[in-house]
Amino acid sequence: MIGEITGIRRIRMLYLQLLYRCNFECLHCFHGKRLQHADAFTTDEAINLLTLMRDQYGTEAVTLLGGEPFVYRDLTQVVQYAKRDLGLRVEICTNGYRIERRLTEIAPDLDLLRVSLEGIGSTNDQIRKFGSYRSALSALEIAQHLGVRTGATMTVTSRNIEEVLPLARVLQGYGVEQLKLHCLRPVGNAAAHPELLITEPTAYTGLRGRLDAAHLEIEVIVDEDLSEDGAPKACLPDEGPVEIERIEADPRGALTMSCKAVGKDSHAFWYDKLADHIDHRPSPTDELTLAVPDVVYGRV
């Protein structure tokens with residue numbers, strides 16, 4: 001269906017949100033009230049979607065997210081099937097909170113563990129959860145011991161923009177290979193915390209300059225919209241590319257891709273869990289999520 005509507009024949013990565021449920025209520029979380037929703041993929045539904053994407057669109061990698069993927073009951077089964085049966089590259093994005101036992105279970109089939117942090121110590125804990133900073137570092141330490149490659153993410157806010165470089169240097173000490181920086185958008189929980197928004201555009205310019213001058217060992221990937229000019233506004237024509245980097249599936253089965261890849265109105269696809277196929281239909285309650293290019297600093 002995606003190929004017929006958009007012309008896209010290959011989608012390299014699936015971002016699979018297994019469930020909305022989470023053991024955190026971060027101040028900036030874009031899910032907002034959906035964290036309380038029960039929507040989730042069953043094991044069979046997740047496996048069927050992974051198989052469909054691999055077989056029909058040549059998907060070669062999956063990133064498992066939530067909510068919090070480590071509270072998903074059948075995480076081990078999904079990880080093992082993706083790696084052992086489908087041969088996919090498997091990444092998990094997690095808050096890293098008390099995941100040691102399950103991380104040990106899935107370590108042989110995990111290519112990358114990416115932990116979310118929002119600064120150093122109390123800065124992180126005030127945004128995410130008390131004790132989450134130490135727990136996240138513990139998870140990174142255990143991953144290193146298990147031989148699992150690690151990365152991190154950080155959403156840049158008014159509270160933590162000055163801690164980007166200090167955090168990057170801490171992460172280097174834990175063997176973390178990559179730090180992704182994201183722009184805060186006023187949606188979900190962040191809509192109730194406007195004080196977190198960065199209102200001075202040149203703040204991002206200064207941050208990029210400091211990153212460029214720091215010559216870090218860790219690779220830092222920065223959202224294109226963390227710039228003075230912001231992300232591009234225009235979408236490419238509907239004919240778009242034949243191949244795109246990723247598509248995202250939320251726990252209801254809604255599929256989203258960048259409007260720059262497929263045209264403004266061509267993002268509205270759904271995975272019909274019961275019928276096990278992808279449909280094209282509108283999503284009237286959701287806004288389009290833009291996937292923007294990244295800029296890389298530090299080690300290549």
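So, here is what we can say about the structure in this document. Remember, it's a predicted structure, so these values are computed and weren't measured experimentally.

Quick notes on the rules
- Counting from 1, residues in each chain are numbered in the order their sequence is written.
- Two thresholds apply to this predicted model, a pLDDT of at least 70 for residue-level local features and 80 or more for giving and counting side-chain atom pairs, whereas whole-chain, interface and lining totals are computed over all residues.
- Heavy atoms throughout the structure, all of them, feed into the side-chain values; hydrogens and water do not.
- In this description, a line fitted to the C-alpha atoms serves as the axis of each element, helices being fitted only across the stretch in contact, and the angle between N-to-C directions of two axes falls anywhere from 0 to 180 degrees.
- Secondary structure counts use DSSP, requiring at least four H or I residues in a row for a helix and at least two E residues in a row for a strand, with both numbered from the N terminus.
- For this classification, under 35 degrees means roughly parallel, over 145 means roughly antiparallel, 65 to 115 means roughly perpendicular, and everything else is oblique.
- Note: crossing handedness is left-handed where the near helix turns anticlockwise from the far helix by less than a right angle, and right-handed where it turns clockwise.
- Should any heavy atoms of two residues lie within 4.5 Å, those residues are counted as being in contact.
- In this classification, Asp, Glu, Lys and Arg are treated as charged, Ala, Val, Leu, Ile, Met, Phe, Trp, Tyr, Cys and Pro as nonpolar, and every other residue, Gly included, as polar.
- Stacked, tilted and edge-to-face pairs are distinguished by plane angle, under 30 degrees for stacked and over 60 for edge-to-face with tilted covering the rest, among Phe, Tyr and Trp rings (Trp via its six-membered ring) whose centres lie within 6.5 Å.
- To sort residues, take the accessible area from a 1.4 Å probe on protein chains only and compare it with the maximum for the residue type: under 20% means buried, over 50% means exposed, and anything in between is partly exposed.
- Only lysine NZ and arginine CZ atoms are considered, and such an atom sits over a ring when it is within 6 Å of the ring centre and within 35 degrees of the ring normal.
- Put simply, a salt bridge is a Lys or Arg side-chain nitrogen that is within 4 Å of an Asp or Glu carboxyl oxygen.
- Any two strands are treated as partners once DSSP identifies two or more bridges connecting them.
- The handedness rule is simple: strands pointing away from the viewer, and a clockwise path from the first strand over the helix to the second, make the crossover right-handed.

**Remarks on the packing of helix H2 (residues 43–57) against helix H3 (residues 75–85)**
- Where H2 meets H3, the axes come as close as 10 Å, and the angle between the chain directions of the two elements is 25°. Classed by the angle they form, the pair H2 and H3 counts as roughly parallel. The crossing of H2 and H3 is right-handed. Contacts from Thr43, Ala46, Ile47, Leu50, Thr51 and Arg54 of H2 reach H3 at Gln77, Val78, Tyr81, Ala82 and Asp85.
- Looking at the contact of H2 with H3, its residues break down into six nonpolar, three polar and two charged.

**A closer look at the packing of aromatic side chains**
- Evaluated as defined, the whole model comprises two aromatic pairs.
- Geometrically, the ring pair formed by Phe24 and Tyr97 is edge-to-face, given 5.3 Å between the ring centres and 65° between the ring planes. Of the two residues, Phe24 sits in the loop between strand S1 (10–17) and H2 while Tyr97 sits in the loop between strand S3 (89–94) and helix H4 (100–106), which places them 73 residues apart along the sequence.
- Among the residues examined, Tyr97 registers a relative accessible area of 14% and is labelled buried.
- For the ring pair Phe41 and Tyr271, a centre distance of 6.5 Å and an interplane angle of 20° mean the geometry is stacked. Linking Phe41 in the loop between S1 and H2 with Tyr271 in strand S10 (residues 269–272), this pair joins segments that are 230 residues apart in sequence. Considered together, Phe41 and Tyr271 belong to a single accessibility category, that of buried residues.
- Positioned over the ring face of Phe41 is Lys273, at 4.4 Å from the centre of the ring.

**Things to note about the pattern of salt bridges**
- One pass over the structure, following the stated rule, counts 17 salt bridges.
- Put simply, Glu91 and Arg114 hold a salt bridge, and the shortest N to O gap is 2.9 Å. With Glu91 in strand S3 and Arg114 in strand S4 (residues 112–116), this pair connects stretches of sequence that are 23 residues apart.
- We classify Glu91 as buried; its relative accessible area is 5%.
- Between Asp250 and Arg252 there is a salt bridge, and its shortest N-O distance comes to 2.4 Å.
- When its relative accessible area of 22% is taken as the criterion, Arg252 is described as partly exposed.
- Overlapping salt bridges, with partners in common, bring together Arg10, Arg12, Glu60, Glu243 and Glu245 in one network.

**Description of the pairing of S4**
- Most of S4 sits out of view: five of its five residues are buried.
- In terms of strand pairing, S3 meets S4 through four bridges, oriented parallel. Across the sheet, the residue bridging to Thr94 is Val115, located in S4.
- Following the backbone out of S3, through H4 and into the adjacent parallel S4, one traces a crossover that is right-handed.
- Sheet topology places S4 next to strand S5 (residues 150–156); four bridges connect them, and they run parallel. Residue pairing across strands places Val115 opposite Ala152, the latter belonging to S5.

**Considerations on unusual backbone geometry**
- With omega at 20°, the peptide bond leading from Gly66 into Gly67 counts as cis.
- Take Gly67: it is sitting in the loop between strand S2 (61–65) and H3.
- Phi at Arg98 is positive, roughly 55°, even though this residue is not glycine.

**Remarks on the packing of helix H7 (residues 164–173) against helix H8 (residues 202–214)**
- Closest axis-to-axis distance for the H7/H8 pair is 10 Å, and the angle between their directions is 35°. The element H7 and its partner H8 pack so that their crossing is right-handed. Residues Val164, Leu165 and Arg169 of H7 form the contact with H8, whose participating residues are Leu207, Arg210, Leu211 and Ala214.
- Class assignment of the residues belonging to the contact of H7 with H8 gives a composition of five nonpolar, no polar and two charged.

Shape is all these values report; function is a separate question.
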